[in-house]
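Remarks on the overall topology
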Amino acid sequence: MSSFGCFPDPSVALVTGSSRGIGRACALALAEAGCDVVVHYVTQRQAAEDTAGEVRALGRRALVVRADVGVEDEVRALFREIRGEFGRLDVAVVNSGIVADGLLAAMSLDKWQRVLNTNLTGAFLTCRETVKLMHRTGGSLVLIGSTSGLSGTPGQANYSASKGGLHAFAASLAREVADRGIRVNAVAPGFTETDMLRAAAPVVREKYLRLIPAGRPGTPAEVAAAVRFLASPAAGYITGQVVVADGGLTA
């Protein structure tokens, strides 16, 4: 393993939504780089345990914790477990997110609020507790945004608003906590080979793939590589940025 993008021992990373997809890839990339990992999930405990097993196979410690990131008391309980098990937190990858697509004219208030509550309020709650834990030691936060938050996607007004808000949130927080030695960045993936993309109708998938100059979707591992770099000491002078990983889609 290259030492570039590696972490000093001990280092602890929290990855929300790490039972599958991009979150799982981030958990494994950070474990490979030398971090013990807090594997967070909401509903898929067995998948989270599988991720934790892979982390342990890489020689790192893993703690599996369930929490709904949109519920304040559950987020506080998550961080109590982190403090109790590790006593520190060096990296937080804020990855939890949901979609509930639909045209705005027909979108219910519930559908709007569910997406904003998980994607944006959940990020606020997670980052607030992270900053409290890092305020003496410094650390790095990486928020998982989206190209939908940069250019907008029809039928995703709620999702695009949440991710655009997340990008702005990262920039604001970065300026707020820089003097504490805490860095805050975001990665905005484009179309990535996750369950969400695989569930799309073939005609929809082909339509969007034709828009990507690279001619293919990204992989969770490619997004995780960007996250690992931004989280690591190798990116020590980078903060307040949105790094786009989209195969040239928004170029």
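Residues numbered from 1 in each chain as written. Predicted model: local features only at pLDDT ≥ 70, side-chain atom pairs only at ≥ 80, totals over all residues. Heavy atoms only, no water.

For the protein chain, the name recorded in an unreviewed UniProt entry is 3-oxoacyl-[acyl-carrier-protein] reductase, with Streptomyces luteireticuli as its organism. You can read under Sequence similarities (unreviewed entry) in the UniProt record for the protein chain the words "Belongs to the short-chain dehydrogenases/reductases (SDR) family." (UniProt positions renumbered as here; feature names shortened; annotations may be inferred.)

**What about the overall build of the protein chain?**
A count of helices and strands for the protein chain gives 9 helices and 7 strands. At 17 Å, the protein chain has a C-alpha radius of gyration in line with the 18 Å of a compact globule built from 251 residues. Across its three principal axes, the protein chain shows a C-alpha extent of roughly 45 × 40 × 40 Å. Taking all 251 residues of the protein chain together, the buried fraction comes to 48%. Restricting the contact set of the protein chain to residue pairs at least 6 apart, pairs at least 24 apart contribute 73%. Entry remark: accessible area of the protein chain is about 11,500 Å², with carbon and sulfur atoms responsible for 54%. Across the protein chain, the 26 positively charged side chains and the 23 negatively charged ones have centroids separated by 2 Å. (Helix = DSSP H or I, 4+ residues; strand = E, 2+ residues; numbered from the N terminus. Rg over C-alpha atoms; globule rule 2.2 N^0.38 Å. Buried < 20%, exposed > 50% of the residue type's maximum accessible area, 1.4 Å probe, protein only. Contact = heavy atoms within 4.5 Å. Areas by Shrake-Rupley, 256 points an atom, 1.4 Å probe, with all protein chains shown as cover. Lys, Arg positive; Asp, Glu negative; His and termini not counted. Charge placed at Lys NZ, Arg CZ, Asp CG, Glu CD.)

**Quick notes on the nonpolar core**
Core analysis: the largest hydrophobic core is formed by 32 residues, its most contacted members being L30, V93 and V187. Among the secondary structure elements, those contributing two or more residues to this core are β1 (12-15), α1 (21-32), β2 (36-41), α2 (45-57), β3 (62-66), β4 (91-94), β5 (139-144) and α9 (220-231). Examining the composition of this core, we find that 8 residues originate from one element, α1, more than from any other. If near-sequence neighbours (up to four positions away) are discounted, V93 is found in contact with L14, V15, T16, C26, L30, V142, I144 and V227. I82, L89, L133 and M134 belong to the second-largest nonpolar core, a separate cluster that totals 31 residues. (Core = buried A, V, L, I, M, F, W, Y, C linked by side-chain atoms within 4.5 Å.)

**Some details on the packing of α1 against α9**
Between α1 and α9, the least distance of the axes is 8 Å, while the angle of their chain directions is 50°. Comparing the axis directions of α1 and α9 gives the class oblique. The chirality of how α1 crosses α9 is right-handed. Together, G21, I22, A25, C26, A29 and L30 of α1 and P220, A221, V223, A224, V227, R228 and A231 of α9 make up the contact between the two elements. Its residues placed into classes, the contact of α1 with α9 shows 11 nonpolar, 1 polar and 1 charged. (Axes fitted to C-alpha atoms, helices over the stretch in contact; angles between N-to-C directions. Parallel < 35°, antiparallel > 145°, perpendicular 65-115°, else oblique. Left-handed = near helix turned anticlockwise from the far one by under 90°. Nonpolar A, V, L, I, M, F, W, Y, C, P; charged D, E, K, R; others polar.)

**Some points on the sheet that holds strand β6 (residues 182-189)**
Strand order in the open sheet formed by 7 strands is β3-β2-β1-β4-β5-β6-β7, with parallel pairing between adjacent strands. At either margin of the open sheet sits one strand with a lone partner, and together these are β3 and β7 (242-245). With strand direction ignored, the average angle separating the axes of adjacent strands in the sheet is 20°. Sheet topology note: the β1/β2 ladder contains 4 bridges and is parallel. Residue pairing in the sheet places A13 in a bridge with V37 of β2. (Pairing = 2+ DSSP bridges.)

**So, the state of the cysteines**
Under the definition given, this model contains 0 disulfides. The closest cysteine sulfur to the non-disulfide-bonded C6 is located on C35, 9.1 Å from its own sulfur. Summary of cysteine pairing: C127 is not part of a disulfide, and the nearest cysteine sulfur, belonging to C26, is at 14 Å. (Disulfide = S-S within 2.5 Å.)

**Section: the UniProt feature "domain: Ketoreductase" (unreviewed entry) in the protein chain**
As annotated by UniProt and renumbered to match this structure, "domain: Ketoreductase" (unreviewed entry) occupies residues 11-190. With 50% helix and 18% strand, residues 11-190 has its two end C-alpha atoms placed 29 Å apart.

**Concerning the environment of L166**
Mapped onto the elements, L166 comes out in helix α6 (residues 157-177). According to the relative accessible area criterion, L166 is buried, its value standing at 1%. Along the sequence, L166 and P202 sit 36 residues apart, while their C-alpha atoms lie 30 Å from each other. Those residues within four positions of L166 in sequence are excluded, and the remaining contacts are N119, L120, A123, L143, I144 and G145.

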